Structures are given as C-alpha cells and as structure tokens.
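Structure at a glance
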Amino acid sequence: SRARGWRTLVLDRAGAPGGAWAEMAPDMPCLSPRVHDRMPDGSLPQGPGSIATAQQVLVAIRQFAADANLPLQLGCKVTRLQPQGDGFVVESASETVQARRVILATGEYGRPYLPPLPGRFAGPSCHSRDFSAAALHPGEHLFVVGGGNSAAEVARRAVACGARVTLSVRQPLPRGLGVASLP
C-alpha cells in the first residue's frame with residue numbers, strides 16, 4: 001500500500017500484533033512448508049525443519065511489524081463503521097478516523113463455532129481452540145468432530161498423549177490417511 005502512496009492505519013483490539021497466532025499452542029505445526037509462510041518483506045519464520053510452528057510464525061509477524069514500522073493502534077476496539085461520502089468514518093473509543101477504504105480482517109479464530117448436534121451428551125466438550133491434551137488420560141477415548149486442520153491437530157496431540165481417537169467427518173478421508181498414520 002505504501003508503494004501506491006496510500007497511508008495506512010491498523011486498528012487492532014489485541015495488545016500486540018499476531019492475531020490468532022498468539023492464541024495457538026506455540027508448538028502447533030503450520031500446514032504449509034516454511035517457504036510458503038513468507039512475510040510481505042520476503043522474510044521467513046526462523047527455526048529448524050521445513051515446517052514452522054505457531055510460535056515461529058508469531059515471532060516473524062511481530063518482527064515484520066516492528067521492522068516495517070507499521071502504523072498500529074493496539075488495544076483499539078472499533079465501535080462503529082459508517083459510510084460517508086466516497087469513504088467511511090471509523091469510530092473507536094479513543095478517536096474517529098475518516099478513510100477512503102476499509103478492510104475488515106476480523107478472522108474466525110476469536111469466535112469459535114460449536115454447531116448444534118442432535119441428541120444428548122453429558123460429558124465434557126470443547127472447541128478445538130480450547131483443547132488441552134494435558135487434560136486427557138492415557139487410554140481415554142476422544143471423539144473429534146470434523147476433519148479439517150484443527151481436528152487433525154487435536155487428533156495428533158491426543159494420540160501422542162495415549163488417547164484413543166475417533167474422527168467424525170462429512171466425507172471419507174483419503175485412502176491411506178487415518179488415525180493409525182498420525183505420528
């Protein structure tokens with residue numbers, strides 16, 4: 001945006017750059033090879049191996065933000081967004097900003113969705129965001145709903161703690177991919 005002559009301002013409710021990466025388990029592996037986790041300046045998360053961890057990505061994001069001297073207003077919750085003329089008025093508790101263009105990058109991680117499931121279940125349940133493998137007992141049976149990235153990471157962590165895992169998915173998993181193949 002600076003190359004185009006735009007002045008930018010990032011308003012973030014969080015107290016530090018990094019968004020969801022700051023909420024993830026630090027040792028959670030990324031899904032893509034490290035070479036695809038490139039920051040806008042071309043830098044990569046530092047660390048051993050071909051796959052970065054959430055902590056390494058968080059460090060890279062914060063280093064990029066510091067090096068780029070991004071105009072950040074942290075701890076700033078936007079309370080209102082209203083069209084005005086050919087732009088917008090953005091209001092927060094501390095100020096009002098006029099902007100020609102607004103990008104809302106609210107993410108999904110901050111608002112976990114727990115779908116309504118038929119039937120009754122009296123046991124403990126949680127969203128993958130709140131999952132802690134340390135709370136599991138060896139041999140405990142864990143039922144994971146979903147076959148996406150978060151579900152696979154929960155299953156991997158649970159198996160590593162000695163739990164038995166059942167995945168419930170909409171579509172069959174690709175051939176050769178199953179709990180037995182989890183590390």
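Residues numbered from 1 in each chain as written. Predicted model: local features only at pLDDT ≥ 70, side-chain atom pairs only at ≥ 80, totals over all residues. Heavy atoms only, no water.

**Notes on the pairing of strand β4 (residues 87-92)**
In this structure, strand β3 (residues 78-84) lies alongside β4, joined through six bridges in antiparallel fashion. Bridging across to β4, Gln82 finds its partner in Val89. The antiparallel hairpin formed by β3 and β4 contains two residues in its connecting segment, where Gly85 sits at a positive phi of about 60°. By the bridge criterion, four bridges tie β4 to strand β5 (residues 96-99) in an arrangement that is antiparallel. When the bridges of β5 are listed, Val89 appears paired with Gln98. Linking two consecutive strands that pair antiparallel, namely β4 and β5, is a turn of three residues. (Pairing = 2+ DSSP bridges. Helix = DSSP H or I, 4+ residues; strand = E, 2+ residues; numbered from the N terminus.)

**Regarding helix α1 (residues 54-68)**
The terminal C-alpha atoms of α1, which comprises 15 residues, lie 21 Å apart, in line with the 21 Å expected from a rise of 1.5 Å per residue. Those residues of α1 lying buried are Ala54, Gln56, Val57, Leu58, Ala60, Phe64, Ala65 and Ala68. Elements that come into contact with the buried residues of α1 comprise β2 (72-74). A positive phi of about 50° marks Asn69, the residue just after α1. (Expected span 1.5 Å × (residues − 1). Buried < 20%, exposed > 50% of the residue type's maximum accessible area, 1.4 Å probe, protein only. Contact = heavy atoms within 4.5 Å.)

**Points about the confidence of the model for the chain**
On average, the chain scores 83 in pLDDT, and the residues at 70 or more come to 90%. At the low end of the mean pLDDT range in the chain sits helix α2 (residues 149-160), at 85; at the high end sits α1, at 94. Across residues 179-183, where pLDDT falls below 50, the model places eight contacts with residues more than four positions away in sequence or in other chains. (pLDDT = per-residue confidence, 0-100.)

**Describing the nonpolar core**
Judged by nonpolar contacts, Phe131, Ala133, Leu136, Leu142, Val144, Ala151, Val154, Ala155, Ala158, Ala163 and Val165 together constitute the single largest core of 11 residues. Ranked by residues supplied to this core, first place goes to α2 with four residues. (Core = buried A, V, L, I, M, F, W, Y, C linked by side-chain atoms within 4.5 Å.)

**With respect to unusual backbone geometry**
The phi dihedral of Asn69 falls on the positive side, at around 50°, and the residue is not glycine. In this structure, Asn69 sits in the loop between α1 and β2. Assessed through its relative accessible area of 62%, Asn69 is described here as exposed.

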